[in-house]
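# Descriptive analysis of the structure
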Amino acid sequence: MATPEPVYNEFTGKPLADGVPVFEAALLGLEPPRYCAYCARRMIVQVSPHGWTARCSRHGELDSKSRER
């Protein structure tokens, strides 16, 4: 099963079609996502000295390790 395309900005919760600007800190990977990119629900975010985890009640968990470049 293919992963669906993101529909919402994960830092603002607004639709990507609105052309919402992305913050510089988010582009650098310093800011964890606050909203689910698939349903725009506010996620539970835990920040630690070693990274972050963000969990959507519908779509599961993301972490900073999975986002490393």
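Structural data are supplied above this passage.
Residues numbered from 1 in each chain as written. Predicted model: local features only at pLDDT ≥ 70, side-chain atom pairs only at ≥ 80, totals over all residues. Heavy atoms only, no water.

### Here we look at the pattern of salt bridges
In this structure the tally under the stated criterion is 1 salt bridge. Between Glu-31 and Arg-34 there is a salt bridge, with its nearest N and O atoms 3.2 Å apart. (Salt bridge = Lys/Arg side-chain N within 4 Å of Asp/Glu carboxyl O.)

### Digging into the pairing of strand S1 (residues 44-48)
Consecutive residues of a regular strand have side chains that alternate between opposite faces of the sheet. Among the 5 residues that make up S1, 0 are buried, leaving the element largely open to the surroundings. Bridge count for S1 against strand S2 (residues 51-56) is 5 bridges, and the pairing is antiparallel. Bridge pairing in S2 places Val-47 opposite Trp-52. Between S1 and S2, which pair antiparallel and follow one another directly, the connecting turn spans 2 residues. (Buried < 20%, exposed > 50% of the residue type's maximum accessible area, 1.4 Å probe, protein only. Helix = DSSP H or I, 4+ residues; strand = E, 2+ residues; numbered from the N terminus. Pairing = 2+ DSSP bridges.)

### Re the environment of Asp-63
Relative to the elements of secondary structure, Asp-63 occurs in strand S3 (residues 60-63). On a C-alpha basis, the gap between Asp-63 and Trp-52 in space is 5.6 Å, while along the polypeptide they are 11 residues apart. Once you skip the residues sitting within four places of it in the chain, Asp-63 turns out to touch Trp-52 and Thr-53. (Contact = heavy atoms within 4.5 Å.)

### Considerations on the sheet that holds S3
The strands making up a sheet are joined through hydrogen bonds of the backbone, oriented either antiparallel or parallel. Read across the sheet, 3 strands follow the order S1-S2-S3 without closing on themselves; strand pairing throughout is antiparallel. Strand pairing shows two members of the sheet lacking a second neighbour, S1 and S3, which therefore form its edges. If you compare each strand with its neighbour and ignore which way they point, the axes differ by 15° on average. Bridge analysis of S2 against S3 gives 4 bridges, and the strand direction is antiparallel. The partner of Cys-56 across the bridge, within S3, is Gly-60. (Axes fitted to C-alpha atoms, helices over the stretch in contact; angles between N-to-C directions.)

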